[in-house]
Amino acid sequence: MSAIRRGAIVTRVVRGPMVLRQTVSPSTRFFSVTPRARLATLTDEEKEMLNQERPEDEVDVCIVGAGPAGLSAAIRLRQLAEKEGKELRVFVVEKGSEVGAHTLSGAVLEPRALHELIPDWKDKGAPLNTPATKDRMMFLTEKHAIPLPHPPQMNNKGNYIVSLSNFVKWLGEQAEEAGAEVYPGIAASEVLYNEDGSIAGIATNDVGIGRDGRPKDSFERGMAIKAKVTLFAEGCHGSLTKKVIRKFDLRKDSQHQTYGLGLKEVWELDPAKHEQGLVMHTIGWPMDMHTYGGSFMYHFENNLCAIGYVVGLDYQNPTLSPYKEFQRFKQHPHIRKYLEGGKIMSYGARALNEGGYQSIPKLVVPGGALIGATAGFMNLPKIKGTHTAMKSGMLAAEAAYDALAKAEESSGPVVLDSYEKTLKESWVNKELYQVRNIRPSFHSPLGLYGGVIYSGLDTMLLKGRVPWTFKHPKPDHASTKPLKDCKPIEYPKPDGVISFDLLENVSRTGTSHGENEPIHLRLQRGPKDQLETNYPVYGGPEQKFCPAGVYEYLDDEANPGKKRFQINASNCIHCKTCDIKDPSQNIDWTVPEGGGGPKYVLT
C-alpha cells in the first residue's frame, strides 16, 4: 500500500479488485449510499444542526462553474459594468479545489471567442504557446494506418494546442482582475427558488457531515447565495442543470442529449519523436463498425503530447470498456512508435456532449440560464467546444446585463429574453446547424462507413444546406444490449510501459475526497436495480464503463451465492459517465464536499 498526502487528506492506493479508496484503516470499505435517516438515528440536537437556517449572501449574478463559459460570462459582465461605471457583483463558485483542477479537454483551441472577449490576450500572457501547424487524419486497421482526406471542419490553421486546465486558470485570473469574485473549493449543491417558481440562486454544500449522516465537530451549514440571475456553467451533464432541465421541461422541443466519454493522457515524448504543432486524429480500429469512437494526438510545447480516445456512450456491448479500448489503441504500431521512450505525466476522463444542434434545450428560465457545455454547444466534427462555450457565456452575460438594467424599473423575476435570440443569430448557431447531421449519420445500417461517406459529402459539398435533420435514435443508457446478445470483448493485459492498469492511472489524476464524507454517488432506489437488473441482465456494466474503478460487484459474504454492489466513491474523477450510461438510471451523481475530486495537471 502506498500513500499520497495532499494537505490534510491521505489517499491510499489499495491494491485489489478495482479499488482505490481513502481509508481510515486498511479494513475500511465503502458501500453504496443510503439516505441519511437510514444510516443513523439522529438526535434532536443533530437534526437541529443539520436543518438550521443557512447564512445568506446577496449578489447580482451567480455563476455555477469556473470553466470557459462561466469565466467568460463573468469577464463580460464586469467589462460592461466597468464601461458604464455601474456596481455589479458577479460571484463564481467552482467545486474544484482550484480553478482548472477539474478541467480536461484535448485541446486545440479556436481563439475566435477569445479575440472578441480579450483582444489583447497575447499581451496578457494567455498560455497559447503552440500554434497548430500540421493536420493528419488516419483510418486505422489493426496493423496499418491509412491517410484520409482532411475534412474542412478539422482544418486547424490559426488554432492553438493548449492545456485547457492551464488556459482556464489564466481565464480565472482575468476574471478576478476584472472585478469578479471567484471562489474555488465551493460546491453548489442545490437550486433555490422564489415563491413564484423562479430561480433565486444556489445553496452550497454542507461540510463536516460524516458518512453515517451525523454532523461532525467540523460541521458548517452551506451558504445560500441569493442572486437576481443565476448562470449554470457546470460543464457536461451538470448536477444542478439536469434538475433545472427536468423542473422546467426544457427538452420538450429538443431531442435528448447523447454523450461520449473522453479519456486522456499527457506524455513527455522522446525529443526525436516530438513534432511540435502536430494535430492528428484517427477513426476505425479498435472500434467496430457500429461503435462511434476516435482518437486525438496533439504535440505541444516542451516535448509534451496529449493523447486520448473518445467513445460514444451509445455503444451497445455491455462488456466494452472505454478505458481498456484506449489502452489497446495506444499499442497500435502507428501510435506506439511515438510513445516508446516517453514518460506518462497525467491521466483523466470526462463525459462530453455529442448531440449537437438538435439536442440543445431551451436555455432560459425565470431568473437563470444555461451556458457552455452544460447546454451542449460542442461542435463534434471540429472536436471543439471551448470557443462556442465562451461565446455562449458572453452572449448570456450581455443579455443578463440588459435584463438587470430593465429590472430596476419593474418587479418580478429577471428573464434573459435576448439570450436565445442573439445566440440564434450568432456564429455559434450557424456552426452547429451546419454540422447537425454528422453525428447521427453514423447510426445507419452501414455504421462507421455510412457515417464517413455522409460526413464527407456533407462537410465538403452540402455544408448542412439540406431540408432534413437526422434524429438520434435513443438515449445512451437505452442503447445497451443484454449480455446474452453480445460477444464478450477480451482485452490484453497492460504492459506497464505504454498501457497501464486502471488504478495506476487513477493515481495520476490527483483525486482526493474527504475520508469520512457522505458518498456523493447516490442510488435513488437503493441497490435493487443494480443487483436484479444491471448485473444479471447486463453483466454489471458499471465495472466496465467507469474510467476510475468506482463500481464493483463483490461476493456477498452475508448471503453466499449472491452479489453486493459496492461504490468506491473516493475514486471518482467526476466524469459523470455513471449518471449517463447506467441502464437502470438509478445512479445519481451529486457534488461531494467542495474541493474534492481530481486535481488535473496539464490537461
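Residues numbered from 1 in each chain as written. Predicted model: local features only at pLDDT ≥ 70, side-chain atom pairs only at ≥ 80, totals over all residues. Heavy atoms only, no water.

1. Examining the environment of Leu313
Inspection of the secondary structure puts Leu313 in the loop between β19 (304-312) and α7 (322-329). The class of Leu313 is buried, set by a relative accessible area of 0%. (Helix = DSSP H or I, 4+ residues; strand = E, 2+ residues; numbered from the N terminus. Buried < 20%, exposed > 50% of the residue type's maximum accessible area, 1.4 Å probe, protein only.)

2. Thoughts on the confidence of the model for the protein chain
For the protein chain, mean pLDDT is 92; residues scoring 70 or higher make up 93% of the total. Across residues 1-38 the pLDDT falls below 50, and counting only partners more than four positions away or on other chains, this stretch makes 112 contacts in the model. (pLDDT = per-residue confidence, 0-100. Contact = heavy atoms within 4.5 Å.)

3. Examining the nonpolar core
By size, the foremost hydrophobic cluster in this structure holds 80 residues, and its most contacted members are Ile63, Leu231, Leu416 and Tyr419. Per-element tally for this core: the top contributor is helix α9 (residues 386-407), with eleven residues. Not counting chain neighbours up to four residues away, the residues in contact with Leu416 comprise Val229, Leu231, Val364, Ala369, Ala396, Ala399, Ala400 and Ala403. Counting 58 residues, the second-largest nonpolar core is a separate cluster that includes Leu261, Phe329, Tyr553 and Ile567. (Core = buried A, V, L, I, M, F, W, Y, C linked by side-chain atoms within 4.5 Å.)

4. Quick look at helix α3 (residues 68-84)
Taking 1.5 Å of rise per residue, 17 residues should cover 24 Å, and α3 covers 25 Å from first to last C-alpha, within 8% of that figure. With respect to burial, α3 is a largely interior element, twelve of its 17 residues being buried. Among the residues making up α3, those that are buried are Pro68, Ala69, Gly70, Leu71, Ser72, Ala73, Ala74, Ile75, Leu77, Arg78, Leu80 and Ala81. Within two residues after α3, Gly85 carries a phi angle of roughly 65°, on the positive side. (Expected span 1.5 Å × (residues − 1).)

5. A look at the state of the cysteines
Two cysteines, two sulfur atoms, one covalent bond between them: this is a disulfide. Scanning all chains against the criterion turns up zero disulfides. Counting only cysteine sulfurs, Cys575 is the nearest neighbor of Cys546, a cysteine outside any disulfide, at a range of 5.9 Å. (Disulfide = S-S within 2.5 Å.)

6. Some thoughts on the sheet that holds strand β16 (residues 259-268)
What the seven strands build is an open sheet, ordered β8-β7-β17-β18-β19-β16-β20; its pairing is mixed. In this open sheet, the two strands that pair with only one neighbour each are β8 (145-147) and β20 (343-353). Going across the sheet, the axis of each strand differs from the next one's by a mean of 20°, ignoring polarity. Bridge analysis of strand β7 (residues 134-140) against strand β17 (residues 278-284) gives seven bridges, and the strand direction is parallel. Following the sheet pairing, Asp135 is matched in β17 by Val279. (Pairing = 2+ DSSP bridges. Axes fitted to C-alpha atoms, helices over the stretch in contact; angles between N-to-C directions.)

7. Topic: unusual backbone geometry
In this model, Gly106 is joined to Ala107 through a cis peptide bond whose omega is -5°. Tracing the backbone through its elements, the reader meets Ala107 in the loop between β4 (90-94) and β5 (108-109). Pro286 follows Trp285 through a cis peptide bond whose omega is 10°. By the element assignment, Pro286 lies in the loop between β17 and β18 (293-299). A positive phi is found at Asp249, a non-glycine position, where the angle reads about 50°. Within the secondary structure layout, Asp249 lies in the loop between α6 (241-247) and β16. One non-glycine residue with positive phi stands out, namely His574, at about 65°. Counting through the fold element by element, His574 comes out in the loop between β25 (563-567) and α16 (577-581).

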